[in-house]
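Observations on chain architecture
Okay, here's what each chain looks like letter by letter:
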Amino acid sequence: QVQLVESGGGLVQDGGSLTLSCVASGSTFSIKAMGWYRQAPGKESELIAVIGTGGGAKVEAPVKGRFTISRDNAKNTAYLQMNSLRPEDTAVYYCVAMSDGDRVSWGPGTQVTVSS
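The shown structure was predicted, so the numbers you read here are calculated from the model rather than taken from an experiment. (Residues numbered from 1 in each chain as written. Predicted model: local features only at pLDDT ≥ 70, side-chain atom pairs only at ≥ 80, totals over all residues. Heavy atoms only, no water.)

1. Concerning the state of the cysteines
Note on terminology: a disulfide is the covalent bond linking the sulfur atoms of two cysteines. Enumeration according to the criterion identifies one disulfide in this entry. A sulfur-sulfur separation of 2.0 Å characterises the disulfide bridge that pairs Cys-22 with Cys-95. In this structure, the disulfide formed by Cys-22 and Cys-95 twists by about -85° around the S-S bond and is classed as left-handed. One end of the pair, Cys-22, is in strand S3 (residues 18–26); the other, Cys-95, is in strand S9 (residues 91–99), and 73 residues separate them in sequence. There is no split in this pair, since Cys-22 and Cys-95 are both buried. (Disulfide = S-S within 2.5 Å. Helix = DSSP H or I, 4+ residues; strand = E, 2+ residues; numbered from the N terminus. Buried < 20%, exposed > 50% of the residue type's maximum accessible area, 1.4 Å probe, protein only.)

2. Remarks on the environment of Ala-49
Relative to the assigned elements, Ala-49 resides in strand S5 (residues 46–52). Contacts of Ala-49, omitting those with residues within four sequence positions, involve Gly-35, Trp-36, Lys-58, Val-59, Ile-69 and Leu-80. (Contact = heavy atoms within 4.5 Å.)

3. Observations concerning the nonpolar core
Met-34, Trp-36, Phe-67, Leu-80, Met-82 and Tyr-93 are the most contacted members of the largest nonpolar core, which totals 27 residues. Ignoring sequence-local partners within four residues, the contact set of Met-82 consists of Gly-16, Ser-17, Leu-18, Leu-20, Arg-66, Phe-67, Tyr-93 and Val-112. (Core = buried A, V, L, I, M, F, W, Y, C linked by side-chain atoms within 4.5 Å.)

Quick look at the structure:
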């Protein structure tokens, strides 16, 4: 029983920056890793970044060098710092938590729109 809520999405110009936040609540003690996915219209959902409880992080190739994932353990919050945004980054961004027992929780998503 993990609940996730994303925030920070919005409209930004080509080349701009946004920071997304994901606050976890409920059985947060069971969370092993948190990450970010995105889904553009007509496209499959794709993994963007993941961070483990120990702080190990990975950012996928399409956004590597532009996006950074981090976390604040005290606040049960994960962040996605997005720089040098491009129109191709336009998507709904979803926070995900992986918990004990191979359980996966999803947030409702937050829209990021990058204008050309």
